[in-house]
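So you can see what is in the structure, the chains are spelled out below.
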Amino acid sequence: MPRLSEVIAALDALWPPARAEQWDAVGTVCGDPDAEVRGVLFAVDPVQQIADEAVELGVQLVVAHHPLYLRGTTTVAAGHFKGRVVHTLIKNDIALHVAHTNADTADPGVSDALAAALGLKVLRPLVPDPTDPSGRRGLGRICEPEHPETLAAFAERAARLLPATAQGIRLAGDPDAPVRTVAVSGGSGDSLFDAVRAAGVDAFLTADLRHHPASEATERSPLGLVDAAHWATEWPWCAQAAAQLDEISDRHGWDLRVHVSSTVTDPWSSHTASLSSSPGAPN
């Protein structure tokens, strides 16, 4: 069996920590470098549900996409929910490793997994990494569907193929507009609107679209917006990452048991459709 340090070295080769954004917090949160690893669990969020699932599965490593301590901390006391996660993991000899923005920009990265889940052909990065001579790394992806379709049909495709969440899929723009090219970005993507407009795509699928950026985007161009849940747009990466580690395990003869959590850790738990009349309309 490999030691934790060997598995982490393999993960860092896939997603080098140096390629993470400066504000990010990636890498190993807890774990003994000399401990043996027999099983690994991939998940989006390092929350208590995932820690409990790791204990139940008997794995020795959790690989999460989102950081546990993005802004640092002064305590890991179990009286705090994040500290309780750390206590659960350490008490059960489970390490935690994070690959966040270094996985976003990787080749393949989070947006490649999202495009694959949607059945889209990746053409190039939305925001290329200037340090990559191959031009394959970077934030987001510019893609095309197998056949042109309407914006409504593309949104329906996302609703059908992405993991189900309480939010579902929100749509802005003309539902009958043709979609021939699409930009996708896993996670919160409204900071990428300038790049999306410059790319000249017909639609942009991402998550966490805020009112003002979305309003301005639809006023400035006929761009169609497809807003999915943050967790749903990043969960496909877990399966992609697990397959990458499986291949490494087979190559090295590690015989790791690699799992992908299907626990929905999206924070929104239910959705109620609006029932009132439009402003000014009779009830």
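As shown above, the structure is provided for reference.
Thresholds, definitions, all that
Residues numbered from 1 in each chain as written. Predicted model: local features only at pLDDT ≥ 70, side-chain atom pairs only at ≥ 80, totals over all residues. Heavy atoms only, no water. Helix = DSSP H or I, 4+ residues; strand = E, 2+ residues; numbered from the N terminus. Buried < 20%, exposed > 50% of the residue type's maximum accessible area, 1.4 Å probe, protein only. Contact = heavy atoms within 4.5 Å. Arc of directions from axis to C-beta. Polar contact = N/O pair within 3.5 Å; in protein donor to acceptor, adjacent residues only side chain to side chain. Phe/Tyr/Trp six-rings, centres within 6.5 Å; stacked < 30°, edge-to-face > 60°. Expected span 1.5 Å × (residues − 1). Core = buried A, V, L, I, M, F, W, Y, C linked by side-chain atoms within 4.5 Å. Pairing = 2+ DSSP bridges. Axes fitted to C-alpha atoms, helices over the stretch in contact; angles between N-to-C directions.

A. Representation of the overall build of the chain in the model. Scanning the chain from terminus to terminus reveals nine helices and 13 strands. Its C-alpha atoms put the chain at 65 × 50 × 30 Å along the principal axes. Counting the 283 residues in the chain, one finds 47% classified as buried. Look at the contacts in the chain between residues 6 or more apart in sequence, and 66% of them connect residues 24 or more apart.

B. Just helix H1 (residues 4-14), in detail. Turning to H1, its buried residues number three or more, namely Leu4, Val7, Ile8, Ala10 and Leu11. Viewed end-on, H1 has its buried residues packed into an arc of 160°, placing them on one side of the element. In the core, the buried residues of H1 are packed alongside strand E1 (27-30), strand E3 (61-64), strand E4 (95-98) and helix H9 (230-252).

C. Region of the structure containing unusual backbone geometry. The amide bond that connects Asp107 to the next residue, Pro108, takes the cis arrangement and shows omega of 0°. Within the fold, Pro108 resides in the loop between helix H4 (101-104) and helix H5 (110-117). Positive phi outside glycine occurs at Asp208, with the angle close to 60°. Its place among the elements puts Asp208 in the loop between strand E11 (203-207) and helix H8 (211-220).

D. Broad picture of the side chain of His97. Here His97 lies in strand E4. At a separation of 2.9 Å, a polar atom in the side chain of His97 contacts the side chain of Thr28. Beyond its immediate sequence surroundings of up to four residues, His97 is in contact with Ile8, Leu11, Asp12, Gly27, Thr28, Leu61, Val62, Val63 and Ala64.

E. View of the packing of aromatic side chains. In total, this model carries four aromatic pairs according to the counting rule given. With 5.8 Å between their ring centres and 75° between their planes, Phe193 and Phe204 make a pair best called edge-to-face. Of the two residues, Phe193 is situated in helix H7 (residues 193-199) and Phe204 in strand E11; the sequence distance between them amounts to eleven residues. Accessibility assignment for this pair places Phe193 and Phe204 in one class, buried. Aromatic rings pair up to connect Trp15, Phe42 and Trp237 into one cluster.

F. Main features of the environment of Ala64. Tracing the backbone shows Ala64 in strand E3. Put simply, Ala64 and Val44 are 20 residues apart on the chain and 5.2 Å apart in space, counted from C-alpha to C-alpha. The contacts of Ala64, once residues within four sequence positions are left out, are Ala43, Val44, Pro46, Leu96, His97, Val98 and Ala99.

G. Molecular detail of H9. Taking 1.5 Å as the rise per residue, H9 with 23 residues should run 33 Å; its terminal C-alpha atoms sit 34 Å apart, in good agreement. Immediately beyond the C-terminal end of H9, within one or two residues, lies Gly253, with a positive phi of roughly 70°.

H. How the structure looks around the nonpolar core. The biggest cluster of nonpolar side chains holds 30 residues, and the ones touching the most others in it are Leu11, Trp15, Val40, Phe42, Leu61, Trp237 and Leu245. The greatest single-element share of this core, amounting to eight residues, is contributed by H9. If we ignore the near neighbours within four places in the chain, the residues touching Trp15 are Phe42, Ala99, Asn102, Ala103, Ala106, Trp237, Ala241 and Gln244. Of all hydrophobic cores here, the second largest spans 17 residues; its members include Leu118, Cys143, Val182 and Leu205.

I. Quick peek at the sheet that holds strand E2 (residues 39-43). Within the open sheet, the five strands sit side by side as E1-E4-E3-E2-E13. Their pairing is mixed. The sheet is open, and its two edges are formed by E1 and strand E13 (257-260), each paired on a single side. The sheet shows a mean angle of 25° between the axes of neighbouring strands, direction not considered. In this structure, E2 lies alongside E13, joined through four bridges in parallel fashion. Directly across from Gly39, in E13, lies its bridge partner Arg257.

J. Up close: the sheet that holds strand E10 (residues 182-188). Ordered in space as E5-E6-E10-E11-E12-E8, the six strands form an open sheet in which the pairing is mixed. Here the strands that pair on one side only, and so sit at the sheet edges, are strand E5 (121-128) and strand E8 (170-172). Strand-to-strand twist of the sheet, defined as the mean angle between neighbouring strand axes without regard to direction, takes the value 25°. Pairing geometry for E10 and E11, over four bridges, is parallel. Its bridge partner being in E11, Ala183 is matched across the sheet by Phe204. Along the sheet, H9 makes contact with E10, E11 and strand E12 (224-228), crossing E10 at roughly 100°.

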